[in-house]
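The primary structure of each chain is shown beneath.
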Amino acid sequence: MSREQLHAFLARVQDDPALRLTVQAAATADDVAQLALAMGFEFSGDELLRASGQRIGRVTVTKNDIPGEYS
């Protein structure tokens, strides 16, 4: 079910420019997942990261590499 939730959230992101900017400014995938949860969409940051590189609707999920980030 969470994959469907992720797809539904990304559909909302593609249609809402302000939300798109908020998502792009998020520091981590978990931050995006928390934002989505506040809007009623439930998925984890890990699920979002697994979608990295995929195009879902008109949104391409891209992992941002932050300098100094530990793996």
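Thresholds, definitions, all that
- Residues numbered from 1 in each chain as written.
- Predicted model: local features only at pLDDT ≥ 70, side-chain atom pairs only at ≥ 80, totals over all residues.
- Heavy atoms only, no water.
- Helix = DSSP H or I, 4+ residues; strand = E, 2+ residues; numbered from the N terminus.
- Buried < 20%, exposed > 50% of the residue type's maximum accessible area, 1.4 Å probe, protein only.
- Contact = heavy atoms within 4.5 Å.
- Arc of directions from axis to C-beta.
- Axes fitted to C-alpha atoms, helices over the stretch in contact; angles between N-to-C directions.
- Parallel < 35°, antiparallel > 145°, perpendicular 65-115°, else oblique.
- Nonpolar A, V, L, I, M, F, W, Y, C, P; charged D, E, K, R; others polar.
- Phe/Tyr/Trp six-rings, centres within 6.5 Å; stacked < 30°, edge-to-face > 60°.

Draft legend 1. Seen up close, the environment of R12. Along the chain, R12 turns up in helix α1 (residues 2-15). Using a relative accessible area of 38% as the deciding quantity, one classes R12 as partly exposed. Separated by 24 residues in the primary sequence, R12 and A36 place their C-alpha atoms 10.0 Å from one another. Sequence-distant contacts of R12, defined by excluding residues within four places in its chain, comprise L19, M39 and F41.

Draft legend 2. A look at helix α3 (residues 29-38). Listing the buried residues of α3 in full gives A29, V32, A33 and A36. Looking straight down α3, one finds that the buried residues subtend no more than 100° of arc, so they occupy a single side. Of the residues in α3, the exposed ones pointing more than 90 degrees away from the buried face are Q34 and A38. Here the buried face of α3 lies against α1, α2 (17-25) and α4 (45-50).

Draft legend 3. Region of interest: the packing of α1 against α2. Running from N to C, α1 and α2 cross one another at 115°; their axes reach a closest spacing of 5 Å. When the axes of α1 and α2 are compared, the pair comes out roughly perpendicular. Contacts between α1 and α2 pair F9, R12, V13, Q14 and D15 from the former with P17, L19, R20 and V23 from the latter. Taken together, the residues that form the contact of α1 with α2 break down as five nonpolar, one polar and three charged.

Draft legend 4. The packing of aromatic side chains, seen in detail. Taken as a whole and judged by the stated rule, the model has two aromatic pairs. Measuring from centroid to centroid gives 5.6 Å for F9 and F43, while their planes differ by 50°, and the two rings are tilted. Within this pair, whereas F9 is found in helix α1, its partner F43 is found in the loop between α3 and α4, the two being separated by 34 residues in sequence. You can call F43 buried: its relative accessible area is 7%. Ring pairing ties together the aromatic residues F9, F41 and F43, which thus form one cluster.

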